[in-house]
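Listed below are the residues making up each chain.
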Amino acid sequence: FPDIEFILGDSHDPEVLERATQFAPYDLLFIDGDHSTEGARMDYDMYAPLVRSGGIVAFHDYNYHHVRAAIDSIDLPKEIIMHKPTTFAIAIIRK
(Lines give C-alpha, C1' and ligand atoms only; values in the text may rest on other atoms or scores of the structure.)
Protein backbone atom coordinates (compact mmCIF):
# COMPACT_ATOMS: atom_id res chain seq x y z
CA PHE A 1 0.00 0.00 0.00
CA PRO A 2 2.19 2.86 -1.20
CA ASP A 3 -0.21 5.60 -0.06
CA ILE A 4 -0.86 4.22 3.42
CA GLU A 5 1.31 5.09 6.38
CA PHE A 6 1.01 3.01 9.55
CA ILE A 7 2.23 4.84 12.63
CA LEU A 8 2.45 2.76 15.78
CA GLY A 9 3.11 4.08 19.25
CA ASP A 10 1.56 5.97 22.14
CA SER A 11 -0.73 8.51 20.49
CA HIS A 12 0.08 11.09 23.18
CA ASP A 13 3.83 10.83 22.63
CA PRO A 14 5.10 14.04 20.95
CA GLU A 15 7.41 11.95 18.72
CA VAL A 16 4.42 9.98 17.38
CA LEU A 17 2.55 13.22 16.66
CA GLU A 18 5.64 14.63 14.94
CA ARG A 19 5.93 11.54 12.76
CA ALA A 20 2.22 11.77 11.84
CA THR A 21 2.61 15.46 11.00
CA GLN A 22 5.25 14.61 8.38
CA PHE A 23 2.66 12.80 6.23
CA ALA A 24 -0.24 15.26 6.61
CA PRO A 25 -2.73 16.15 5.32
CA TYR A 26 -4.67 12.89 5.53
CA ASP A 27 -7.83 11.85 3.73
CA LEU A 28 -8.52 9.21 6.38
CA LEU A 29 -7.15 8.89 9.89
CA PHE A 30 -7.98 5.70 11.82
CA ILE A 31 -7.36 5.91 15.57
CA ASP A 32 -7.27 2.88 17.85
CA GLY A 33 -5.79 4.72 20.78
CA ASP A 34 -6.41 5.62 24.40
CA HIS A 35 -9.66 4.20 25.78
CA SER A 36 -10.24 6.80 28.52
CA THR A 37 -12.63 9.70 27.89
CA GLU A 38 -9.86 12.27 28.27
CA GLY A 39 -7.39 10.24 26.22
CA ALA A 40 -9.78 9.61 23.32
CA ARG A 41 -10.74 13.28 23.21
CA MET A 42 -7.05 14.23 23.31
CA ASP A 43 -6.43 11.86 20.38
CA TYR A 44 -9.06 13.74 18.38
CA ASP A 45 -7.82 17.18 19.40
CA MET A 46 -4.20 16.30 18.56
CA TYR A 47 -4.71 14.47 15.28
CA ALA A 48 -7.89 15.82 13.65
CA PRO A 49 -6.06 18.99 12.50
CA LEU A 50 -3.89 16.68 10.34
CA VAL A 51 -6.96 15.60 8.32
CA ARG A 52 -7.96 17.68 5.31
CA SER A 53 -11.34 19.43 5.20
CA GLY A 54 -13.87 16.84 4.06
CA GLY A 55 -11.63 14.02 5.28
CA ILE A 56 -12.54 11.34 7.78
CA VAL A 57 -11.43 10.64 11.33
CA ALA A 58 -12.42 7.11 12.37
CA PHE A 59 -12.25 5.79 15.92
CA HIS A 60 -12.12 2.13 16.83
CA ASP A 61 -13.91 0.81 19.94
CA TYR A 62 -16.79 3.31 19.96
CA ASN A 63 -18.73 0.76 22.00
CA TYR A 64 -16.41 1.39 24.98
CA HIS A 65 -18.25 3.78 27.30
CA HIS A 66 -15.34 6.20 27.72
CA VAL A 67 -14.49 6.30 24.02
CA ARG A 68 -18.17 6.88 23.21
CA ALA A 69 -18.34 9.77 25.70
CA ALA A 70 -15.32 11.45 24.10
CA ILE A 71 -16.59 11.05 20.55
CA ASP A 72 -20.11 12.13 21.43
CA SER A 73 -18.64 15.38 22.83
CA ILE A 74 -17.33 16.32 19.35
CA ASP A 75 -19.83 18.64 17.70
CA LEU A 76 -19.65 17.23 14.18
CA PRO A 77 -21.89 14.78 12.28
CA LYS A 78 -20.97 11.15 12.92
CA GLU A 79 -21.73 7.77 11.44
CA ILE A 80 -21.49 4.75 13.70
CA ILE A 81 -20.75 1.32 12.25
CA MET A 82 -21.51 -1.52 14.66
CA HIS A 83 -20.18 -4.97 13.90
CA LYS A 84 -21.74 -6.39 17.03
CA PRO A 85 -22.53 -4.18 20.01
CA THR A 86 -20.55 -6.52 22.27
CA THR A 87 -17.40 -6.70 20.16
CA PHE A 88 -16.42 -3.46 18.46
CA ALA A 89 -17.81 -0.43 16.71
CA ILE A 90 -16.28 2.29 14.57
CA ALA A 91 -17.27 5.94 14.74
CA ILE A 92 -16.68 7.95 11.58
CA ILE A 93 -16.43 11.74 11.81
CA ARG A 94 -16.27 13.79 8.63
CA LYS A 95 -14.45 17.09 9.03
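Only a predicted model underlies this, so the values are computations on that prediction, with no experimental measurement involved.

Peer 1: I keep staring at empty space enclosed by the protein and nothing clicks. Help me out?
Peer 2: Over the atoms, a rolling probe the size of a water molecule traces out where space has been left empty. Tallied over the entire structure, the rule returns 1 cavity of 30 Å³ or more. Around the largest cavity sit Ile 31, Gly 33, Asp 34, His 35, Ala 40, Phe 59, His 60 and Val 67, which together line it. Looking at the lining of the largest cavity residue by residue, the class counts come to 4 nonpolar, 3 polar and 1 charged.

Peer 1: Please clarify how the layout of surface pockets should be interpreted in this entry.
Peer 2: The computed volume of the largest pocket comes to approximately 690 Å³. Residue lining of the largest pocket: 21 residues in total, with Glu 5, Phe 6, Ile 7, Leu 29 and Phe 30 positioned closest to the centre. If you list the elements that add at least two residues to the lining of the largest pocket, you get α1 (14–21) and β1 (26–31). Taken together, the residues of the lining of the largest pocket sort by class into 14 nonpolar, 3 polar and 4 charged.

Peer 1: What exactly am I supposed to notice about the environment of Leu 76 here?
Peer 2: Mapped onto the secondary structure, Leu 76 falls in the loop between α3 (65–72) and β3 (78–84). Sequence separation between Leu 76 and Phe 88 is 12 residues, and the spatial gap between their C-alpha atoms is 21 Å. When near neighbours in sequence (up to four residues on either side) are disregarded, Leu 76 contacts Tyr 44, Ile 93 and Arg 94.

Peer 1: Any chance you could explain the pairing of strand β2 (residues 51–60) here in plain terms?
Peer 2: A regular strand carries its side chains on alternate faces of the sheet. Relative to β2, β1 runs parallel, the two sharing 5 bridges. Each residue of the ladder has a partner; that of Tyr 26, found in β2, is Val 51. Handedness of the β-α-β unit built from β1, helix α2 (residues 37–47) and β2 comes out right-handed. Sheet analysis places β2 next to strand β4 (residues 88–94), joined by 5 bridges and oriented antiparallel. What sits directly across from Phe 59, in β4, is Ala 91.

Peer 1: I'm lost on the nonpolar core in this one. Help?
Peer 2: Side chains that are nonpolar tend, in soluble globular proteins, to be buried together. Of all hydrophobic cores here, the largest spans 19 residues; its most connected members are Ile 31, Tyr 44, Tyr 47, Val 57, Phe 59, Ile 71 and Ile 93. Going through the elements one at a time, α1, β1, α2, β2, α3 and β4 are the ones with two or more residues in this core.

Peer 1: Just to check I follow, could you spell out α2 for this structure?
Peer 2: Given 3.6 residues per helical turn, the α-helix brings residues three or four places apart onto the same face. Of the residues making up α2, those classed as buried are Gly 39, Ala 40, Asp 43, Tyr 44 and Tyr 47. Viewed along the axis of α2, the buried residues span an arc of 140 degrees, placing them on a single side of the element. Of the surrounding secondary structure, the elements contacted by the buried residues of α2 are α1, β1, β2, α3 and β4.

Peer 1: Help me out: how do you make sense of unusual backbone geometry in this one?
Peer 2: Glycine aside, residues mostly have negative phi angles, and peptide bonds mostly take the trans form. Along the chain, Ala 24 connects to Pro 25 via a cis peptide bond; the corresponding omega equals 5 degrees. As for its position among the elements, Pro 25 is in the loop between α1 and β1. Positive phi outside glycine occurs at Asp 61, with the angle close to 65 degrees. Turning to its location among the elements, Asp 61 is positioned in the loop between β2 and α3. Exposure remark for Asp 61: the relative accessible area of 7% places this residue in the buried category.

Rules behind the numbers
Residues numbered from 1 in each chain as written. Predicted model: local features only at pLDDT ≥ 70, side-chain atom pairs only at ≥ 80, totals over all residues. Heavy atoms only, no water. 1 Å grid on protein atoms, 1.4 Å probe; cavity = no way out; pocket = protein on both sides within 12 Å on 5 of 7 lines; lining within 4 Å. Points joined across faces, edges and corners; volume = space filled by probe spheres on them. Nonpolar A, V, L, I, M, F, W, Y, C, P; charged D, E, K, R; others polar. Helix = DSSP H or I, 4+ residues; strand = E, 2+ residues; numbered from the N terminus. Contact = heavy atoms within 4.5 Å. Pairing = 2+ DSSP bridges. Right-handed = clockwise from strand over helix to strand, strands pointing away. Core = buried A, V, L, I, M, F, W, Y, C linked by side-chain atoms within 4.5 Å. Buried < 20%, exposed > 50% of the residue type's maximum accessible area, 1.4 Å probe, protein only. Arc of directions from axis to C-beta.

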